Amino acid sequence: PRTIYLKDYRPSPYLIETVDLDVALAPENTRVRSRLKVKPNDDPDAPAGPLTLDGEKLELHSVKINGTPINDYTADDQSLTITSPPEGPFEVEIETTCNPQANEALEGLYRSGGIYCTQCEPEGFRRITYFIDRPDVLARYRVRVEADKREAPVLLANGNLVEDGDLDDGRHFAVWEDPFPKPSYLFALVGGNLACVQDSFITKTGRAIDLRIYVEPGKEGRCGWAMESLKTAMRWDEERFGLEYDLDIYMIVAVSDFNMGAMENKGLNVFNDKLILARPDIATDTDYESIEAVIAHEYFHNWTGNRVTCRDWFQLCLKEGLTVFRDQEFTADQRSRPVKRIEDVRLLRARQFSEDAGPLAHPVRPSSFVEINNFYTLTVYEKGGELCRMLHTMLGEDGFQAGMKLYFERHDGQAVTVEDFVAAMADANDRDLSQFMRWYNQAGTPEVVCRFEHDASEKTAKLHVTQVHAPSPGQPEKEPVPIPLRIGLVGPDGEDMPLILKNGSEVPGGLLMVTEREQTFEFADVAHRPIPSLLRGFSAPVKLSSPLDDADLDFLMRHDSDLFNRWQAAQTQAMKRLVAMARGEGEFVPDVREFALAVGPTLTDDWLEPAYRAAFAVPPSELDIAQEIGADVDPTGVHKARRDLRATLGHTLQGDLQRLYEDYAVPGEYQPDPDSVGKRSLRNTALALLAAEETEDGVKRAQTHFKNADNMTDSMAALRILAGLDRPERDEALETFYDRWKDEQLVLDKWFAIQAQSTASDTLDRVERLRRHPAFSIKNPNRVRALIGALAHGNPLHFHSADGRGYEFVGESIMEIDGFNPMIAARLASAFSSWKMLEPGRRAMAQQMLERIAAKEGLSRDTSEVVGKMLG
Ligand code: B3K
Ligand code: ZN
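Thresholds applied
- Residues numbered from 1 in each chain as written.
- Chains lettered and ligands numbered in written order.
- Predicted model: local features only at pLDDT ≥ 70, side-chain atom pairs only at ≥ 80, totals over all residues.
- Helix = DSSP H or I, 4+ residues; strand = E, 2+ residues; numbered from the N terminus.
- Buried ≥ 20, exposed ≤ 12 C-beta atoms within 10 Å, placed from the backbone.
- Near = placed C-beta within 6 Å.
- UniProt positions renumbered as here; feature names shortened; annotations may be inferred.
- Pairing = 2+ DSSP bridges.

Trainee: Teacher, can you tell me more about unusual backbone geometry here?
Mentor: Note: most residues except glycine have negative phi, and most peptide bonds are trans. Of note, the bond from E121 into P122 is cis; its omega dihedral lies within 30 degrees of zero at -5°. When you line up the elements, P122 lands in the loop between β11 (115-119) and β12 (139-148). Positive phi outside glycine occurs at N66, with the angle close to 45°. Note on placement: N66 falls in the loop between β5 (59-65) and β6 (68-69). Among the residues examined, N66 registers 12 C-beta atoms within 10 Å and is labelled exposed. For D525, which is not glycine, the phi torsion reads 60° and is therefore positive. Classification of D525 as partly exposed rests on a count of 13 C-beta atoms within 10 Å.

As structure tokens, then:
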């Protein structure tokens, strides 16, 4: 397979001004007629010549130029080349057919539960018709769709409906026109029997927008939250970013077979139905929050992605990182800001840091790829979001917004690069951000080593900062990056001391800029030895080696005014103990009790938000611990360490936890508002810690909680506890749950996942049985994620089972899925990415499985790129 390099980018020799599509939907034989107005690109870097159009899995019937059929073209399984096109603008007409029913890769046009839908990003449009399928070719689309009226009474495409009507033979048609030029990856088309939920939104300039959510008939009553979330997001983007919606209609379609979460097609989002459908009895608080966040994310793409798009796929973070940052800010504004930050950092550390430390490491803007679908990664999305956040931190809200304004003024309607974005930020603020580009181009997580000195007689303090960059694949040497380091000096009374530099100036917002490999900051007027609170709010995506000892951390855990760092101090304390326990080192029991006692005050502090207190009591994840250990990891030891720490928390804080459990019951009807969510979260955290020791009392409480639950959040919180037990209570609860929900696929996915993530000893037997359950289908990505993905990515104990059965199960599944849906197979394969960190026995077994996958005949480009890198 061919590697594609960023340095080889050339503008397209031809541009396409308009696309006229005529699509006649039929399950196995959909006919597509396309009329393209093509013109040579006048860019001197792109001399005209043959016209090559991308196309895959298409049957070609005819090609015409300016109305005349031609023969001087060549076609293979990837493209169609017109050898000598006319000079100047011309028209190409192509007729092809494709087979949506047979499309199990879920890219291009496919059928999901009788609904025709499309997924084009990044390179799916070429499976619908021949096209210059790259994001810097922006065209205006007019789309006529026809279908059997009974099979597909609803026919949708991007933009505005301009015509519809009936045809002979029970068929009908609709014509949609999108006035905004767009890249082909934002094209969408939907046909099927769908119910519609309608609402409207008045924009800040008084325009009424028609909002529509299309779902399977009968599910209309589950769309209320998605619709509310959409309106909240639209208002927020106007208020915080000054951005107004541009079309008169915004449509969302929910489908049940979808490779990812959702897709931001212009004016016609397509969503995985699990991110639309919600009702208190079937969706958890986390589901409600995800729906709100993803609806917002896709909506925000309308400006960051659609109005201004990417020049090429290397620039993916231009739209994804920025849109992630925007959706994080949205959630922080709707809910608890510190808790949102904690959740985002937890994800970043557990998944992105490990990606960045292993064989799949790549820069936020990669410089090469084999299959672009493999680069929709945590690095591009989450670390990409962190880079935008650092710009925001460095420039401030006003400076950042000034940069956004300039970005849109300069680039609305264009396909641009990361440089264009950073230049807008720099120019609007009169700042030199050239060094910042290193963040986009260097892989790996920088390590920041801090040393702190206090001189009582001089009343001064010094902070020495060193940044260390480990090599990553293809990047042995790295340059220092600019690091916004937010700090505070916490005085003996627990209050922040003023932060005054030696020259007498105060450090605004406590923000230091580290730009050198080694740097020292000197502070004046420091009478008493303070405790430095470093990297407040996680102001940069780095690993911090801090100079703090147990006593300092304990103090910050109780007093830091920065709630993120107060949580961080607790995490650091927990981590030290977890690592020692996992390695079986030393006498840790009294130490862990000590730590538990220090968690108590925050857990019970009624001045703090319940959601924060709940987050405070959650120790670092098994993935975090494994990474911290770094080499020769024994996942069983890691699991036991975390289990024991939680049991000690539950035991030591029993009285407090019982009280919290009693006091935080949320009365009345279920509401997904932040306040009630926080209370449930604290109460369910207490429930889980009280059961962590598996005492009779703890188990009974969980059982009662399960029986009395009147919403899915409480029900799942209890079931998760019960499903982890090696006792009859487990089967009883799982059966009750199944009987109640056997007709609800999305709820059954929770049932699959909870069993796949269970730490009970027979989990692998169970997962193998569930693999054959009638409700399971290997062809449906949600089922695959719920069962196989949950084991591979969410159950380190059993995925890394010492007998190799976890690898066997996941590996076999990858090979099977690769045969029809390479994107999903490659995603699953990434679960093996930290295999080199494992102890020798597991390492050998993981390697063997990877080698078997790599050797499989006909392995997809997707999976072979991922597996090849892991073995390489
Ligand atoms: N842009 C899409 C992701 C497309 C993934 C293609 N493999 C959804 C999103 O990030 O908003
Ligand atoms: Zn996105």
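What follows continues from the structure just given.
Trainee: Whenever I open this one, the site of ligand 1 confuses me. Can you help?
Mentor: Contacts to ligand 1 come from E121, P122, M260, A262, M263, E264, H297, E298, H301, E320, N373 and Y376. Breaking the shell around ligand 1 down by element, the ones donating at least two residues are β20 (262-263) and α2 (285-300).

Trainee: Would you mind going over the UniProt feature "domain: Peptidase M1 alanyl aminopeptidase Ig-like fold" (unreviewed entry) in the protein with me for this structure?
Mentor: Following the UniProt record, one finds the feature "domain: Peptidase M1 alanyl aminopeptidase Ig-like fold" (unreviewed entry) at residues 444-545. Across residues 444-545, helical content stands at 0% and strand content at 47%; the span's end C-alpha atoms are separated by 16 Å.

Trainee: Which parts of the structure should I look at to understand the pairing of strand β3 (residues 30-40)?
Mentor: Within a regular beta strand, the side chains point alternately toward one face of the sheet and then the other, so they alternate between its two faces. Two strands pair when backbone bridges link them, and strand β2 (residues 14-24) and β3 are joined in this way by 10 bridges, in the antiparallel orientation. Each bridged residue has a counterpart across the sheet, and for D20 the counterpart in β3 is R35. Between β2 and β3, which pair antiparallel in sequence order, lie 5 residues.

Trainee: Teacher, can you tell me more about the sheet that holds strand β29 (residues 500-501) here?
Mentor: Strand-to-strand pairing in sheets goes through backbone hydrogen bonds, with the strands running parallel or antiparallel. Taken together, the 5 strands give an open sheet; going across it, the order is β29-β31-β26-β25-β33, and neighbouring strands pair in mixed fashion. Each edge of the open sheet is held by one strand with a lone partner, namely β29 and β33 (543-545). In this sheet, strand β26 (residues 460-468) lies alongside strand β25 (residues 447-455) in antiparallel orientation, the contact comprising 9 bridges. Residue D455 lies in a different strand from β26, and its bridge partner there is T460.

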